[in-house]
Amino acid sequence: MAIELATGWDPNDAEVIVGTSSGSFVASLVRNEALTLDSMVRPSDNRDDVTERIRSHVFIKAPSLNVGRWVRHGIVPGVRRPGLTLFLGSPARYHARGIADWVTTHIGSDAALSWPNRPTAIVAHDLRSNSRTVFGTDSAPEVGIAEAVAASSAIPLIFHPYSLDHDLYVDGGVSSGTHADLVLGSPEPLDLVLVIAPLAAEVSRMRARFHEKLFDRVGTRSLSEEIDLIKSAWPDCDIVSLSPSPSVQNASRPNPMDASRSVPTFMRTLVSMKRTLGRPEVWEPLEHHLIADQRSKRMATR
C-alpha cells in the first residue's frame, strides 16, 4: 500500500507475483484488485473490531491432534537435521481453513475457486516429499487460490498441516519466507524485482528471543541466496528488498501472530515505509521503473 501511495503504481500490473504465507494472502488480494484499506478496515471500526475480525477468521479450532504425523514428518527428520524441520507435522490448536474462508470473503467465491489469469505463484511445503510446492505452476496440483493460500499459511505449531488431494502442506516459510528465485520462471527477464521480506530484517533485533533469531537467520540466508541467483541470471535486473525496521519488529512483539498487534504493526509499517522509500538506493530504482512507467502510460493515452 505504501509503495502504491508513493509511486501510483498498481501492484497488480506486476508481470509475476510470488506469495508465501502471509504474502500469499496479499498476492490473492492484489491479483483480484481487493487489497485496499477499505477492504481491511470498515468505516465504523475501532482497533478492537479489527482485531476480533482477524482473530475470528484466522484462528479456527482444529478437531483433533495427530502425534504420529509429527513423529514421522518432524521429530525423526529433525533429530537428523535440527532446525525448523523439527516442527513439521506437529499437533496444533488451529486449522487454516479459516484463512481460505477469509480470502473468499475478500475476493468472492468464484475467484477463490479459480486461479488468476496473470502469472501468480503460491508456495507451500509438502510434508511427504519434504520439498516446496508452487501452486500456479504446471508441476503443482490444480487448486483454487483460497485453498493454496491456506496451505501456504499453515504455520507449524499454530496450524494443522493442510490437506489437499491427499497431500499435506505446511507454511512455505519453513524453507524460505520469500522464494524470490521463482521469478526466474518468467519467460522474459524482468527489469525490477521487488521483494517484501518480513522475516529478513537488515538490523539485528535487540534482546532477540530464540525463535526471533532463528526466523531472522533462516529468512536472511534464504533471501541472500535467492538474490544471488536472480543477479546471476539477470545481471541487468534491479532488485529492491524491503524488510521491517526495529520499530515495526517491536510493534509485533512478543508474538507476531497475536491479532491485537496487527493494527499497531500496520501503522508502524506505514510510518517506517515512508522513511525506507526515501532512501536513495530504494527510491531511485522505484522512480526509474514505476513512476517513469506511469508517465509513459499517461503520454501513450493522450
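The present account deals with the structure reproduced in this document. (Residues numbered from 1 in each chain as written. Predicted model: local features only at pLDDT ≥ 70, side-chain atom pairs only at ≥ 80, totals over all residues. Heavy atoms only, no water.)

**Points about the nonpolar core**
Generally speaking, nonpolar side chains in soluble globular proteins are found buried as a group.
Here's step 1: With 49 residues, the main nonpolar core has I107, F135, F159 and Y162 as its most contacted residues.
Here's step 2: Contact partners of Y162, with chain neighbours within four places excluded, come to H95, A96, R97, A100, E147, A150, A151, A154, D167, L168 and Y169.
Here's step 3: In this structure, V193, A200, L223 and I227 belong to the second largest nonpolar core, which totals 12 residues. (Core = buried A, V, L, I, M, F, W, Y, C linked by side-chain atoms within 4.5 Å. Buried < 20%, exposed > 50% of the residue type's maximum accessible area, 1.4 Å probe, protein only. Contact = heavy atoms within 4.5 Å.)

**Concerning the packing of helix α4 (residues 47-58) against helix α6 (residues 97-107)**
Here's step 1: Closest axis-to-axis distance for the α4/α6 pair is 7 Å, and the angle between their directions is 125°. Of the possible angle classes, the one that applies to α4 and α6 is oblique. Across the interface between the two elements, I54, H57 and V58 from α4 touch G98, I99, W102 and T105 from α6.
Here's step 2: For the contact of α4 with α6, the class distribution of residues is 4 nonpolar, 3 polar and no charged. (Axes fitted to C-alpha atoms, helices over the stretch in contact; angles between N-to-C directions. Helix = DSSP H or I, 4+ residues; strand = E, 2+ residues; numbered from the N terminus. Parallel < 35°, antiparallel > 145°, perpendicular 65-115°, else oblique. Nonpolar A, V, L, I, M, F, W, Y, C, P; charged D, E, K, R; others polar.)

**Some words on the side chain of T276**
Here's step 1: Within the secondary structure, T276 is located in helix α11 (residues 262-277).
Here's step 2: Setting aside its immediate chain neighbours within four residues, T276 contacts L242 and V282.

**Details of the side chain of R31**
Here's step 1: Along the chain, R31 falls in the loop between α2 (22-30) and α3 (37-40).
Here's step 2: Buried charge without a partner: R31 forms no salt bridge, and the closest opposite charge is D13, 7.1 Å away.
Here's step 3: Within the structure, the side chain of R31 is placed 2.9 Å from the backbone oxygen of P119, a separation counted as a polar contact.
Here's step 4: Dropping the residues within four chain positions of it, R31 is found in contact with P11, N12, A14, E15, V16, I17, P116, R118, P119 and T120. (Lys, Arg positive; Asp, Glu negative; His and termini not counted. Salt bridge = Lys/Arg side-chain N within 4 Å of Asp/Glu carboxyl O. Polar contact = N/O pair within 3.5 Å; in protein donor to acceptor, adjacent residues only side chain to side chain.)

**Notes on the environment of A92**
Here's step 1: Its location among the elements puts A92 in the loop between α5 (67-80) and β3 (94-95).
Here's step 2: Accessibility expressed as a relative area gives 6% for A92, which makes it buried.
Here's step 3: Put simply, A92 and K61 are 31 residues apart on the chain and 8.9 Å apart in space, counted from C-alpha to C-alpha.

**Digging into the pairing of strand β5 (residues 131-135)**
Here's step 1: Relative to β5, strand β4 (residues 120-126) runs antiparallel, the two being bridged by 5 bridges. Bridge pairing links V123 to V134 in β5.
Here's step 2: In this antiparallel pair of consecutive strands, β4 and β5, the connection spans 4 residues, and N130 shows a positive phi of 55°. (Pairing = 2+ DSSP bridges.)

**Some remarks on the pattern of salt bridges**
Here's step 1: Counted under the stated rule, the structure contains 5 salt bridges.
Here's step 2: Between R53 and D45 there is a salt bridge whose closest N-O contact spans 2.9 Å.
Here's step 3: Of the charged contacts in the structure, one is a salt bridge between R279 and E281, with a shortest N-O distance of 2.9 Å.
Here's step 4: On the basis of relative accessible area, R279 is assigned to the partly exposed category, the value being 29%.

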